[in-house]
Amino acid sequence: NPKASAAKRAKWYTDRARMNAAMGNDAAALKDLNVAIEASPAGSSALADRYFLRARLHIDERRFDPALADLNSALGLAAQAQPMRRAVLYAMRGSVYGALERQAEAFADLDGAIGLVPQGPPELLASWYANRGRIRAEAADVVGALADFNRSLELKPDDASVLSDRGNLELRQGAVDRAVADLDAAAKLAPNDTVTLSRLAWASVEKGDYAKAVDRGTRVVELRKGHPLA
């Protein structure tokens, strides 16, 4: 139906892009979204969603500059959207700024996302606090990072990656016993996570238990054969 309206055709391309993305066909999904965005009437209420979807595909491929451009476009179109919708866009853009090491802008966006929906879905808020904590850790704000990790784990106690990140931060601060408790908890939730196992190996070194450190290091090598860091 090539003579259908531009708005209708843009929707069809968007629907197919969603299906392609769900099936892991990211290149096809991106191609469809490019067409959908080009075909969308100016000011279309659906255009912000299409920019958001394309930004997610760019982020998956670590193309952060085009992702940032799409998120800026989406936010510009979503000025009157519901708070939750805008919060999701701010949080995603904050994570992109973090990946680009633009920390001040990352903090501003994540602060904005949390401030828009302070009583929002616990899992979403937990992920936003965790992202802000990781960026704070990179900025050497240990107190702020620990506060964010603590809040994230209050909202979602069984998040292995956040337990591991908090444990690593505690380990760097010399709080070895607290670090081991967090890292052990993370390892129980994700027993084959090589990042957590590596951190546990270093914690064992700090405690002087070299045999356990070697055992854990050996497990990391088994899981990541040929990896130089392992």
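Criteria and cut-off values
Residues numbered from 1 in each chain as written. Predicted model: local features only at pLDDT ≥ 70, side-chain atom pairs only at ≥ 80, totals over all residues. Heavy atoms only, no water. Helix = DSSP H or I, 4+ residues; strand = E, 2+ residues; numbered from the N terminus. Buried < 20%, exposed > 50% of the residue type's maximum accessible area, 1.4 Å probe, protein only. Contact = heavy atoms within 4.5 Å. Areas by Shrake-Rupley, 256 points an atom, 1.4 Å probe, with all protein chains shown as cover. Salt bridge = Lys/Arg side-chain N within 4 Å of Asp/Glu carboxyl O. Core = buried A, V, L, I, M, F, W, Y, C linked by side-chain atoms within 4.5 Å. Expected span 1.5 Å × (residues − 1). Axes fitted to C-alpha atoms, helices over the stretch in contact; angles between N-to-C directions. Parallel < 35°, antiparallel > 145°, perpendicular 65-115°, else oblique. Left-handed = near helix turned anticlockwise from the far one by under 90°. Nonpolar A, V, L, I, M, F, W, Y, C, P; charged D, E, K, R; others polar.

## Quick word on the overall build of the protein
- The helix and strand tally for the protein stands at 12 helices and 0 strands.
- The helix and strand sequence of the protein, counted from the amino end, reads α-α-α-α-α-α-α-α-α-α-α-α.
- Across its three principal axes, the protein shows a C-alpha extent of roughly 75 × 40 × 25 Å.
- Every one of the 230 residues in the protein was classed for burial, and the buried ones make up 40%.
- Here the analysis covers contacts within the protein between residues at least 6 apart in sequence; of these, 44% occur between residues at least 24 apart.
- Within the structure as shown, the protein displays about 12500 Å² of accessible surface, and the carbon and sulfur contribution to it stands at 52%.

## Some remarks on the pattern of salt bridges
- A complete count under the given rule lists 21 salt bridges for this structure.
- We note a salt bridge from Arg 132 to Asp 111, for which the minimum N-O separation is 2.6 Å. Here the residue Arg 132 occupies a position in helix 7 (residues 122-138), and Asp 111 occupies one in helix 6 (residues 103-116), the gap between them amounting to 21 residues.
- Asp 111 sits in the partly exposed class, given a relative accessible area of 37%.
- Put simply, Arg 136 and Asp 141 hold a salt bridge, and the shortest N to O gap is 3.8 Å.
- Three or more residues joined by partner-sharing salt bridges are found here, namely Asp 111, Arg 132, Arg 136, Asp 141 and Asp 148.

## Points about the environment of Arg 134
- Within the element layout of this structure, Arg 134 appears in helix 7.
- In sequence terms Arg 134 and Gly 76 are 58 residues apart; their C-alpha atoms lie 27 Å from each other.
- Beyond its immediate stretch of four places on either side in the chain, Arg 134 contacts Phe 149, Ser 161, Val 162 and Asp 165.

## Thoughts on the nonpolar core
- Grouped together as the largest cluster of nonpolar side chains are 34 residues, with contacts concentrated most on Phe 52, Leu 71, Leu 89, Val 96 and Trp 128.
- When contributions to this core are tallied by element, the ones reaching two or more residues are helix 2 (26-39), helix 3 (47-60), helix 4 (64-77), helix 5 (83-99), helix 6 and helix 7.
- Looking at this core, the element that brings in the most residues is helix 3, giving 7 residues.
- Counting residues in hydrophobic clusters, the runner-up holds 10 residues, among them Ala 130, Ala 137, Ala 160 and Leu 169.

## With respect to unusual backbone geometry
- The backbone of Arg 62 shows a phi angle near 60°, a positive value even though the residue is not glycine.
- Structurally, Arg 62 can be placed in the loop between helix 3 and helix 4.
- Although it is not a glycine, Glu 101 sits at a positive phi angle of roughly 60°.
- Mapping Glu 101 onto the fold places it in the loop between helix 5 and helix 6.
- Look at Glu 101 and you get exposed, because its relative accessible area is 68%.

## Focus on helix 11 (residues 194-206)
- Between the first and last C-alpha of helix 11 there are 18 Å, a value that for 13 residues agrees with the 18 Å anticipated at 1.5 Å per step.
- Close packing links the buried residues of helix 11 with helix 9 (160-172), helix 10 (176-189) and helix 12 (210-223).
- Of the residues flanking the end of helix 11, it is Gly 208, one or two places downstream, whose phi is positive at about 80°.

## Digging into helix 5
- With 17 residues, helix 5 ought to run about 24 Å at 1.5 Å a step, and its terminal C-alpha atoms sit 24 Å apart, in line with that.
- Taken together, the buried positions of helix 5 are Ala 87, Leu 89, Ala 91, Met 92, Arg 93, Gly 94, Val 96 and Tyr 97.
- In this fold, the buried residues of helix 5 make contact with helix 3, helix 4, helix 6 and helix 7.
- Within two residues after helix 5, Glu 101 carries a phi angle of roughly 60°, on the positive side.

## Looking at the packing of helix 5 against helix 7
- Following both chains from N to C, one finds helix 5 and helix 7 inclined at 25°, their axes separated by 10 Å at the closest point. It follows that helix 5 is roughly parallel to helix 7 by the angle criterion. The handedness of the crossing between helix 5 and helix 7 comes out as left-handed. Note on element contacts: helix 7 touches helix 5 through Leu 124, Trp 128, Asn 131 and Ile 135, opposite Met 84, Ala 87, Val 88, Ala 91, Gly 94, Ser 95 and Gly 98.
- Partitioned by chemical class, the residues of the contact of helix 5 with helix 7 number 7 nonpolar, 4 polar and no charged.

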